[in-house]
Amino acid sequence: MTERFDCHHCEDSLFGRKYILREERPYCVACFEALFASTCEECGKLIGCDCKDLSYKDRHWHEACFHCSRCRGSLVDKPFAAKEDQLLCTDCYSQEYSSRCQECKKSIMPGTRKMEYKGSSWHETCFICHRCQQPIGTKSFIPKDGQNFCVPCYERQYALQCVQCKKPVTSGGVTYREQPWHRECFVCTACKKPLSGQRFTSRDEFAYCLGCFCDLYAKKCAGCASPISGLGGTKYISFEERQWHNDCFNCKKCSLSLVGRGFLTERDDILCPDCGKDI
C-alpha cells in the first residue's frame, strides 16, 4: 500500500497538489494561507503564497502595496523612513521632517550622521572649525559670534594669556589689576595657596593671603601681640609708635576701655586717670 501524504490541518491528500512545509509539516495552500498568511497593511487582504511578503517591524505589505504614503512611489529595494506609522521615501521625509544643515542649508537625510548643538544641526562634514576648516566631529569646541572653533584655534585667536604661565585662559579665569590669570596660577606670593574666592591684599603689586600679609607686614598689637591687619574697616589706636586693637586699648589695672578717653602711661602700660593718679 502507498503511504498517505495529507495536509496537517485538514487532512486532505496532498498527492498531485501544491503544498507548503512549515516546521516540517505539510499544509495545503488554502490551510496555510488561512492559518499563517499575513494581512497587508495597505489593502487589508491576505498576502498569499504566490505573492512576495514585505515586512517592517511586524507589519506586512504586498509588493505592489509597499509605497510612500505621500508621493505613492514604490519603496521596494529603496531606502525609506517611518514617521507616525507612515512609511516615506527619503525625499518626502526630508521635505516634510528633516532638519536643515546650519552650514549648507540642505536637508539632512534620514540615516545620515548629523551633529547637533543648541537646536541647530549640521552634516558631519559641514560641522567644521571656522578658522582651520577642519571637521570638529566629537571633539571639544567653543562657539563665538555664531561661529564654532576647535579649542586650539580659539586659543590662538581669542583667548587671553595668563600673566603667570603665559598659557591661554579659556574659562574660569581671574582678573587682577586688569590682567588675566588662571585660578590655579593666582596664588599668595608667600605661601603659594590659591587666592581665588579668598580675601587677600597686596604690597608692592604682589598679592598675599591675609595670614601671610599679617605675618610679614602687619603691626603687632601692644595689648595682645596679634597682628593688626587694618583690613575690612578694622579700627585700631596708635600712640608713640605703638598700636592696639580697639578692644585691647584698656587700662592695665582696671581693664576700663580707654577708647575716646584720656589716659596716662607708665613705662609700657596705659592707665585710666583714676588708676594713674598716684604715679
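Residues numbered from 1 in each chain as written. Predicted model: local features only at pLDDT ≥ 70, side-chain atom pairs only at ≥ 80, totals over all residues. Heavy atoms only, no water.

Moving on, we come to the overall build of the protein. A tally of helices and strands in the protein yields four helices and 22 strands. Radius of gyration (C-alpha) of the protein: 44 Å, far over the 19 Å computed for a compact globule of 279 residues. Put simply, the protein has 279 residues, and 29% of those count as buried. Sequence-distant contacts, at least 24 apart, represent 12% of the contacts inside the protein between residues at least 6 apart. Accessible surface, the protein as shown: approximately 19100 Å² in total, 45% of it carbon and sulfur. Distance between charge centroids for the protein: 9 Å, based on 40 positive and 36 negative side chains. (Helix = DSSP H or I, 4+ residues; strand = E, 2+ residues; numbered from the N terminus. Rg over C-alpha atoms; globule rule 2.2 N^0.38 Å. Buried < 20%, exposed > 50% of the residue type's maximum accessible area, 1.4 Å probe, protein only. Contact = heavy atoms within 4.5 Å. Areas by Shrake-Rupley, 256 points an atom, 1.4 Å probe, with all protein chains shown as cover. Lys, Arg positive; Asp, Glu negative; His and termini not counted. Charge placed at Lys NZ, Arg CZ, Asp CG, Glu CD.)

The accessible area lost on association of the parts is a frequent measure of interface size. Parsing the protein into structural domains produces domain 1 (95–155) and domain 2 (158–216). With centres defined by C-alpha atoms, the gap from domain 1 to domain 2 works out at 37 Å. Contact residues are listed per partner, giving four residues for domain 1 and four residues for domain 2. Together domain 1 and domain 2 conceal approximately 490 Å² of surface at their shared face, both sides included; 69% is due to carbon and sulfur atoms. It is K144, Y154 and E155 in domain 1 that bury the most area against domain 2; as a group they hold 80% of the surface buried on that side. Counting the contacts that link domain 1 with domain 2 gives zero salt bridges. Residue composition of the side of domain 1 that touches domain 2, by class: two nonpolar, no polar and two charged. (Domains from an automatic or database assignment. Buried area = accessible area lost by both parts, 1.4 Å probe. Salt bridge = Lys/Arg side-chain N within 4 Å of Asp/Glu carboxyl O. Nonpolar A, V, L, I, M, F, W, Y, C, P; charged D, E, K, R; others polar.)

The next point concerns the packing of aromatic side chains. Evaluation of the coordinates by the stated rule reveals 22 aromatic pairs. Centroid distance F149 to Y158: 5.4 Å. Interplanar angle 80°. Geometry classified as edge-to-face. Here F149 falls in the buried class, since its relative accessible area comes to 2%. Aromatic ring contacts, followed pair by pair, group Y56, W61, F66 and F80 into a single cluster. The ring of F36 is capped by R22, whose NZ or CZ atom sits 4.1 Å from the centre of that ring. A cation over a ring is seen here: K144 above Y158, with NZ or CZ 5.0 Å from the ring centre. (Phe/Tyr/Trp six-rings, centres within 6.5 Å; stacked < 30°, edge-to-face > 60°. Lys NZ or Arg CZ within 6 Å of the ring centre and 35° of its normal.)

If you check UniProt for "domain: LIM zinc-binding" (unreviewed entry), the listed places come out as residues 38–98, 99–160 and 219–279 in our numbering. In residues 38–98, helix accounts for 11% and strand for 26%; the two terminal C-alpha atoms are 32 Å from one another. (UniProt positions renumbered as here; feature names shortened; annotations may be inferred.)

Turning next to unusual backbone geometry. With a phi angle near 50°, D145 is a residue other than glycine that sits in the positive phi range. As for its position among the elements, D145 is in the loop between β9 (141–144) and β10 (147–150). Taking the relative accessible area as the measure of exposure, D145 reaches 66% and is therefore exposed. Backbone geometry at A225 places phi at a positive 70°, although glycine is not the residue there.

Here we take up the pairing of strand β16 (residues 206–209). For strand β15 (residues 200–203) and β16, the ladder comprises four bridges, and the chain directions are antiparallel. What sits directly across from F200, in β16, is C209. Between β15 and the antiparallel strand that follows it, β16, lie two residues; D204 among them carries a positive phi value of about 55°. (Pairing = 2+ DSSP bridges.)

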